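The residues making up each chain are set out below.
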Amino acid sequence: MKLSALALTTSLLLAGAATAQQAPLLRKPALPGKPPLPGKQGAETPAPVDPAVAALRERALHDDTALEVVTGLTTEIGPRPDGSEAEGRARDWAVARLKALGFAHVHVEPFTLPAWQRGAESAAVVAPYAQPLHIAGLGNSAPTPPGGLTLPIAWFASFNDLLLAPVGSLQGKIAFVTNAMQPTQDASSYGSEGRARFMGPSEAARRGAAAIVIRSIGTDHSRAPHTGATDFAPGVTPIPAAALSVSDAENLERMVKLGQADNRPVMLHLELDDHQLGTRPSGNVIAEVPGTDPAAGVIVIGGHLDSWDLGTGAIDDGAGVAITTAAARLLMQAGPHRRTIRVVWFGDEETGGFGGQAYAKAHAGEPHALAAESDLGADRVWRFGTAFPDSAATVIPRLTAALAPLGVVHGGKLVDGGTDVEPMLALGTPGIDLNQSALRYFDVHHTAEDTLDRIDPDQLRQNVAAWTAMLAILADAPEALVAVKR
Ligand SMILES: [Zn+2]
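The present account deals with the structure reproduced in this document.

About the cut-offs
Residues numbered from 1 in each chain as written. Predicted model: local features only at pLDDT ≥ 70, side-chain atom pairs only at ≥ 80, totals over all residues. Heavy atoms only, no water. Helix = DSSP H or I, 4+ residues; strand = E, 2+ residues; numbered from the N terminus. Rg over C-alpha atoms; globule rule 2.2 N^0.38 Å. Buried < 20%, exposed > 50% of the residue type's maximum accessible area, 1.4 Å probe, protein only. Contact = heavy atoms within 4.5 Å. Pairing = 2+ DSSP bridges. Donors = N, O, S within 2.8 Å, 3.2 Å for Na, K, Ca; no water. Tetrahedral: all angles 85-135°; square planar, octahedral: opposite > 155°, others 65-115°.

The next point concerns the overall build of the protein chain. Broken down by element type, the protein chain carries 16 helices and 16 strands. Against the 2.2 N^0.38 benchmark of 23 Å for 486 residues, the protein chain shows a C-alpha radius of gyration of 26 Å, consistent with a compact globule. Counting only C-alpha atoms and orienting by the principal axes, one finds that the protein chain spans roughly 75 × 65 × 40 Å. Residue burial in the protein chain is summarised as follows: out of 486 residues, 54% are buried. Considering only residue pairs separated by 6 or more positions, the protein chain has 83% of its internal contacts joining residues 24 or more positions apart.

See below:
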């Protein structure tokens, strides 16, 4: 027992003896997540866990379907960028695998997208400290002119510093932004530090820069650059844009600082033979566990099938389609359920989210009870968040009790959803987040290191168990899972 609690209990007993009504003043407020001290409130009695739910959850902890799916996808297909021939082969592979797993109504819902393709890429400092650098072009980057660009660097320690540079001030320069991302369990640093990638190129272009290189949006220290899409604002002419590996960015930052000391600008040579390809085909792969009560609403879950081209798309997002598929399969084997469970392997999450938009467009008229995705790797689930209508509030204690043995806590009404299910959530579909730990996810996110050996099978199984327990409760929940106000 911790000291603070002991001291408090003794003082309470003493006070109790002296003057009863004083007790409330002495009572320390219950910290969030800290159980209230014994007394009037008392600990909440946990909801009972349906033995069938518990049994399925335990079974999932020993099920290797997810590992088999992600192994197959990364081995037999590998990198599958948006609109590419490989993404097409991945859809065919998915259809065959989902049919083999026993799902119903397995089919592809096609859509098209503006596709981008990486070509030959290189970067090197030419003066004052000549040496090559490791880079990767950002999705939607423009090509450099033939022969590349050789220009002085304009360095910014953060995206905010870039925003402070006057419009036009970067003429004849290559912008260089170095904000460093720190690992966070809830991935919150991705949103803040990622702005350098999401908007940095557009803001640099607005200020006249000929090109931009950024420190990779990653938490590793390696020479593997992290790619990822960037968006140019309407009216802004795209410029060449690339990410340096974290190690190369730190090296270039040192060179710039040395150069500033003796007024010698760092000259960078950049070559990016990256191009927009125009409209290309893509599609969502769909599979179902048919329910018995269509009016109760469809539960749509999934991850994205596409990946970046540098790695084999194991943690991003082979793990996500594998986890949700394995959980749905366990529910399928456990016999019919009230609600249909629809598994979607979304196309094109990485460069525009067209898969999620296409799904919402095609299915908006159909009653949906829930939308949820897995797209943050394969490390353990530690928290869940819910966006449920009041009519379904009574489901939460059952979820809390069923997920607690996996070390998963309820984080309240925290639902971000994700790129693929966001369009359905925006329509008012109830949502749930099963939050995975992101402490090491951004070490290999969008790099050549995104390979199968980065997945810990035990943590992958814990994910399947969390999704299985969640589905086992929601697929047969008697409560009405109707639209929520957002
Ligand atoms: Zn992803």
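There is more to say, and it comes next.
Moving on to the pairing of strand β10 (residues 275-289). Note: strand β1 (residues 104-117) against β10, 12 bridges, orientation antiparallel. Looking across to β10, one finds that H107 is bridged to I286. Both β10 and strand β12 (residues 341-346) contribute to a ladder of five bridges, which runs antiparallel. From the neighbouring strand, V289 faces β12, where its bridge partner is I341.

Now for the coordination of the zinc ion. Around the zinc ion, the protein contributes the donor atoms H304 (NE2), D316 (OD), D375 (OD) and D375 (OD), at 1.9 to 2.8 Å from the metal centre. The site at the zinc ion holds four donor atoms, and with the angles between them running 50 to 143 degrees, its shape is irregular. In the primary sequence, the donor residues of the zinc ion line up as H-x11-D-x58-D. Of this pair, D316 sits in helix α11 (residues 314-333) while D375 is found in the loop between β13 (368-373) and β14 (381-387), placing the two residues 59 residues apart along the sequence. For the residue pair D316 and D375, the accessibility class agrees, reading buried in each case.

Moving on, we get to α11. Most of α11 sits inside the fold, with 18 of its 20 residues counted as buried. Following α11 by one or two positions, G335 has its phi on the positive side, about 95 degrees.

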